[in-house]
Amino acid sequence: MRIQEPKALTTIDMQCPMQLPKSATILLRQSSRITVSAMSLCSVPVSALGSKTSAVLDMVNFCGAYLIALLAHRAQLGRCVDGQRYMPIQIMDVAGLVPGASTGAGLGNQFLDDLRHAQGLIHVVDVSGTTDQNGKETQGYDPINDINWLRTEIHSWIANNLLKKWSGIVRRHIALKANAVDTLQVQFSGYGSTSNVVAKALDKSGIKEPLEKWDEETVKKIVEYFMDERFPTIVAMNKIDMADADKNITKIMRRYDQNKLVLTSALAENFLRKLHKQKYINYVEATEIVETKEDLPDSDLKTMDDKLRGRVEKVQDLVLYRYGSTGVQEVLEKAVEMLGVVPVFPVKNLTTFGSASSNKPGAFRDCILLWPNTTVREFAKILHPEIDKYYLYAECAGGTRLAEDAIITSKNNIISFKTSQTISNKSTSHDNPSNTNEKKSSKK
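The structure contained in this document is the topic of the report that follows. (Residues numbered from 1 in each chain as written. Predicted model: local features only at pLDDT ≥ 70, side-chain atom pairs only at ≥ 80, totals over all residues. Heavy atoms only, no water.)

Points about the overall build of the chain
When helices and strands are tallied, the chain shows 12 helices and 20 strands. Of all 444 residues assigned to the chain, the portion counted as buried reaches 52%. Here the chain displays about 20400 Å² of accessible surface, and carbon together with sulfur accounts for 48% of that area. (Helix = DSSP H or I, 4+ residues; strand = E, 2+ residues; numbered from the N terminus. Buried < 20%, exposed > 50% of the residue type's maximum accessible area, 1.4 Å probe, protein only. Areas by Shrake-Rupley, 256 points an atom, 1.4 Å probe, with all protein chains shown as cover.)

Now the structure itself:
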């Protein structure tokens with residue numbers, strides 16, 4: 001994710017260094033650390049490789065899904081390269097999802113249950129039409145089917161659960177003289193919903209009839225709008241370099257909101273990263289920049305033979321020059337932007353912007369991603385329990401004092417806390433997994 005950074009620096013990326021598989025669903029989950037869970041579709045094996053700074057999936061022979069949670073970033077856990085910040089993730093396996101999961105097919109019920117912890121979805125689809133809904137290789141498959149059946153399974157799961165007990169829900173609603181939001185929130189709370197989410201869904205649905213008069217179609221309509229609010233979705237159209245991809249891309253672009261579509265080539269990304277690691281090329285992720293020994297004769301890059309050079313040029317022609325990048329970075333940027341999180345820079349000094357968690361030089365060493373509508377005092381508690389305990393006041397860039405209930409936005413996201421006592425480094429919210437965001441910081 002490219003984050004608008006304070007003027008003292010250039011830009012900051014939240015980047016998940018990973019390759020996307022042929023067909024997958026990525027779930028964004030609110031949690032204290034980024035977790036990517038890989039789910040194999042049908043019986044296709046999952047191969048996950050991890051390291052301290054990256055998590056790479058073997059996407060060539062993999063159809064799967066991922067569960068992602070936002071990370072409250074500490075600079076010590078990530079890395080900064082040329083003004084770009086990379087955020088680490090973790091990978092784990094989850095249950096398989098197949099058509100019919102809402103009725104118990106495959107391991108779908110387990111996967112659908114995992115959705116309760118998600119904040120948003122990224123559905124990665126094989127846009128070349130060479131993988132069917134069961135994860136098997138084929139030709140001429142319409143990827144629109146994948147987009148539709150995943151949504152249908154989730155809708156059926158929620159709607160069927162609701163309709164099975166609808167008569168009882170209505171009786172209780174009438175007996176308590178409750179409003180529709182409160183009644184629906186009781187039912188939707190198991191999906192990780194809030195009253196605010198339900199209220200937005202109900203408002204956007206335009207339904208004015210009292211709940212006790214809703215028929216089955218009205219209930220299903222409410223579920224549609226609830227899904228849009230509770231599980232916002234980005235579609236990553238993968239394998240854009242393959243034959244037949246263009247015609248499928250055109251169909252999908254015409255049918256769905258283009259702001260929620262991203263073109264990707266995970267195979268190209270995987271290939272370029274491999275050559276970069278082997279020092280055959282200098283590849284700048286999320287761009288079309290690929291430099292070779294010919295471009296940088298004084299560098300330590302290795303010379304490529306004609307065969308390897310031809311493969312690199314093919315990737316450039318089919319992917320990089322046509323689309324500007326492999327799209328893998330953009331997928332994650334879009335997903336995080338979709339959630340509206342705010343990057344916040346806790347600093348010790350509003351002049352030098354030095355870090356509170358380290359005595360080492362450098363501005364804006366720490367960055368934490370906060371959920372929308374987080375207040376200054378809530379952030380203090382997230383940052384360090386003792387900052388909350390000994391809290392005096394907070395200032396943002398320019399020395400402006402912030403009210404405790406002030407909402408943190410991109411306009412006041414450089415924050416220094418003042419406390420009545422010096423804060424210990426030993427006990428931090430980073431050690432408490434119950435916090436939404438984690439952070440190790442000393443204060444002031």
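There's more to say after this.
Topic: helix 4 (residues 180-188)
Taken across its nine residues, helix 4 has seven buried, putting it largely inside the fold. Among the structural elements, helix 2 (144-164), helix 3 (166-176), helix 5 (195-205) and helix 6 (216-230) are those in contact with the buried residues of helix 4. Regarding helix 4, its N-cap is Asn 179, as a side-chain oxygen of that residue lies 3.2 Å from the backbone nitrogen of Val 181 further along. (Contact = heavy atoms within 4.5 Å. Polar contact = N/O pair within 3.5 Å; in protein donor to acceptor, adjacent residues only side chain to side chain.)

Structural notes on the sheet that holds strand 18 (residues 391-396)
Pairing is mixed across the open sheet formed by five strands, whose spatial order is 17-16-20-18-19. At either margin of the open sheet sits one strand with a lone partner, and together these are strand 17 (368-370) and strand 19 (400-402). This sheet shows a mean twist of 40° between the axes of neighbouring strands, independent of strand direction. Across five bridges, strand 18 lies against strand 20 (residues 414-419) in antiparallel orientation. Its bridge partner being in strand 20, Tyr 393 is matched across the sheet by Lys 418. Strand contacts of helix 11 (residues 376-383): strand 16 (342-346), strand 17, strand 18, strand 19 and strand 20, with the helix running at about 75° to strand 20, the strand carrying the most contacts. (Pairing = 2+ DSSP bridges. Axes fitted to C-alpha atoms, helices over the stretch in contact; angles between N-to-C directions.)

Quick look at the environment of Val 235
Structurally, the position occupied by Val 235 is in strand 12 (residues 233-238). We classify Val 235 as buried; its relative accessible area is 8%. As for Val 235 and Lys 334, which are separated by 99 residues in sequence, their C-alpha atoms are 9.9 Å apart. With sequence-adjacent residues up to four places away left out, Val 235 is seen in contact with His 123, Val 125, Ile 147, Lys 260, Leu 261 and Val 262.

Concerning the packing of aromatic side chains
Evaluated as defined, the whole model comprises seven aromatic pairs. Look at Trp 157 and Tyr 191: their rings are 5.0 Å apart centre to centre, the planes differ by 80°, and that puts the pair in the edge-to-face class. With Trp 157 in helix 2 and Tyr 191 in the loop between helix 4 and helix 5, the pair connects residues that are 34 residues apart, well separated along the chain. Of the residues examined, Trp 157 reaches a relative accessible area of 11% and is grouped as buried. (Phe/Tyr/Trp six-rings, centres within 6.5 Å; stacked < 30°, edge-to-face > 60°.)

Digging into the nonpolar core
By size, the foremost hydrophobic cluster in this structure holds 30 residues, and its most contacted members are Ile 158, Trp 166, Leu 184, Phe 188 and Trp 214. The set of elements that each furnish at least two residues to this core consists of helix 2, helix 3, helix 4, helix 5 and helix 6. Once residues lying within four places of it in the same chain are set aside, the contact partners of Ile 158 are Phe 188, Tyr 191, Val 223, Phe 226, Met 227 and Phe 231. By size, the runner-up hydrophobic cluster in this structure holds 25 residues, among which are Ile 144, Ile 240, Ala 245 and Val 290. (Core = buried A, V, L, I, M, F, W, Y, C linked by side-chain atoms within 4.5 Å.)

Some thoughts on the packing of helix 2 against helix 6
Running from amino to carboxyl end, helix 2 crosses helix 6 at an angle of 130°, the nearest separation of the two axes being 10 Å. Looking at the two axes, helix 2 sits oblique to helix 6. Viewed along their axes, helix 2 and helix 6 form a crossing whose handedness is right-handed. Across the interface between the two elements, Arg 151, Ile 154, His 155, Ile 158, Ala 159, Leu 162 and Leu 163 of helix 2 pack against Glu 216, Val 219, Lys 220, Val 223, Glu 224, Phe 226, Met 227 and Asp 228 of helix 6. A per-class count over the contact of helix 2 with helix 6 returns nine nonpolar, one polar and five charged. (Parallel < 35°, antiparallel > 145°, perpendicular 65-115°, else oblique. Left-handed = near helix turned anticlockwise from the far one by under 90°. Nonpolar A, V, L, I, M, F, W, Y, C, P; charged D, E, K, R; others polar.)

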